[in-house]
Amino acid sequence: TETDTVLEVNNIEVIYNHVILVLKGVSLSVPKGGITALLGGNGAGKTTTLKAVSNLLHSERGEVTKGNIRYNGERIQDLGPEEVVKRGVIQVMEGRHCFEHLTVEENLLTGAYTRGDGRGAVSADLEMVYDYFPRLKERRGSQAGYTSGGEQQMVAIGRALMSRPETILLDEPSMGLAPQLVEQIFGIVKRLNEEQGVTFLLAEQNTNVALRFAHKGYILENGRVVMDGPAKDLLENPDVKEFYLGVS
Ligand code: ATP
């Protein structure tokens, strides 16, 4: 059914450098085929939560010290980051992270590296990415470092799509982008969700846009979930309006 949980985060604690407790018992239940928003201000723990799922904390001296993370029922927190990708979960990092000296198309192709299938499938997927991001097709031969912020965000998402993920963890897609471009990126996320069935868990400080496009939301404050529910309800919630949407 639509409400099947694909990703379950159960009461996790994350500690950096053995002493800094950043997540203080976070639980999430991410529905398969949905868009789930992880909201909250600067330093609330959104990025840490995503990195815990994709197992990218070790390089930052962070670790999950309590709780567990399950993907399709399997405990994934002891797997290496590549193993998590092989299970179908890929993270698009905050700040876009393209290979600046490679072309747009070369960047996209680096996303296909985990796949075992042949070139035919890879070029079909490249066409699929260009179908969602026609702008990238126009810029396919340009060096990524010389493309705009919005184009780099498209490259980062397109590159993730090349691994044929079941779930994309998208960190702060709106960051540094003009409002019109933010709408465009979220519109594409919605299409990928509806047409390709991609599950999204996205971290956002832009509560308004995230809740308009998401089905479900979680609000983090200081390493704890303080509110969660259907996105529609959160958009209407007086506290959310006052503290996160800037209206009262
Ligand atoms: P932002 O939007 O700023 O990324 P966030 O909600 O994603 O905010 P996190 O990046 O998860 O928050 O950070 C949560 C807390 O963990 C912050 O107080 C931050 O300073 C701290 N933190 C993050 N990375 C590390 C690290 N490698 N070592 C120590 N503390 C860290």
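Residues numbered from 1 in each chain as written. Predicted model: local features only at pLDDT ≥ 70, side-chain atom pairs only at ≥ 80, totals over all residues. Heavy atoms only, no water.

Looking at an unreviewed UniProt entry, the protein chain carries the name ABC transporter ATP-binding protein, with the source organism given as Salibaculum griseiflavum.

## A word on the pairing of strand β1 (residues 5-16)
Test applied: In this analysis, strands are considered paired if DSSP registers two or more bridges between them. Under the scheme used here, helices are H or I runs from DSSP no shorter than 4 residues and strands are E runs no shorter than 2 residues, and both carry numbers assigned from the N terminus.
Relative to strand β2 (residues 20-31), β1 runs antiparallel, the two sharing nine bridges. The residue of β2 that forms the bridge with I15 is L21. Following β1, the chain reverses through three residues before pairing antiparallel with β2; N17 in that reversal takes a positive phi of roughly 50°. Bridge count for β1 against strand β4 (residues 62-71) is eight bridges, and the pairing is antiparallel. Bridged to V9 within β4 is I69.

## Some thoughts on the nonpolar core
Short version of the rule: Put simply, buried Ala, Val, Leu, Ile, Met, Phe, Trp, Tyr and Cys residues joined by side-chain atoms within 4.5 Å make one nonpolar core. Here's how the labels work: a residue is buried when its accessible area is under 20% of the maximum for its type, exposed when over 50%, partly exposed in between, all with a 1.4 Å probe on protein chains only. Throughout, a contact is declared for two residues whenever any of their heavy atoms are within 4.5 Å.
Of all hydrophobic cores here, the largest spans 48 residues; its most connected members are L108, F133, L136, I168, L170, F200 and L202. Once residues within four sequence positions are removed from consideration, F133 is found in contact with M154, I157, G158, L161 and I188. Judged by nonpolar contacts, the second largest core, of 28 residues, contains V6, V14, V22 and V53.

## Thoughts on the site of the ligand
Condition: Only heavy atoms are used to decide nearness, and a residue is near a molecule or strand if one of them lies within 4 Å of it. By the criterion applied in these results, polar contacts are pairs of N or O atoms within 3.5 Å in which, for protein atoms, one can donate a hydrogen and the other can accept it, and in which residues neighboring in sequence qualify only through two side-chain atoms. Here the open area of atoms and residues is found with the Shrake-Rupley method and a 1.4 Å probe, where only the protein chains shown may cover a residue. Residues are grouped as follows: nonpolar covers Ala, Val, Leu, Ile, Met, Phe, Trp, Tyr, Cys and Pro; charged covers Asp, Glu, Lys and Arg; every other residue, Gly included, is treated as polar.
Lining the immediate environment of the ligand, one finds 16 residues, of which N42, G43, G45, T47 and T48 sit closest. Within the side chain of N42, an N or O atom sits 2.5 Å from an oxygen atom of the ligand. In this structure, an oxygen atom belonging to the ligand sits 3.4 Å away from a side-chain N or O atom of E94. Against a free-state accessible area of 630 Å², the protein chains account for coverage of 68% of the ligand. Of all elements in the fold, only β2 and α1 (46-54) reach the threshold of two or more residues within the shell around the ligand. Take the shell around the ligand: its biggest share by element is three residues, from α1. For the shell around the ligand, the per-class residue count stands at four nonpolar, eight polar and four charged.

## Describing the pattern of salt bridges
Where we set the bar: We define a salt bridge as a contact between a side-chain nitrogen of Lys or Arg and a carboxyl oxygen of Asp or Glu at a distance within 4 Å.
All told, the structure shown has 16 salt bridges when counted by the stated rule. A salt bridge links R164 to D125, with the nearest nitrogen and oxygen atoms 2.9 Å apart. Within this pair, whereas R164 is found in the loop between α6 (149-161) and β7 (167-171), its partner D125 is found in helix α4 (residues 119-132), the two being separated by 39 residues in sequence. Here E151 ties to R135 by a salt bridge, and the two come within 2.6 Å at their closest N and O atoms. Of this pair, E151 sits in helix α6 while R135 is found in helix α5 (residues 134-138), placing the two residues 16 residues apart along the sequence.

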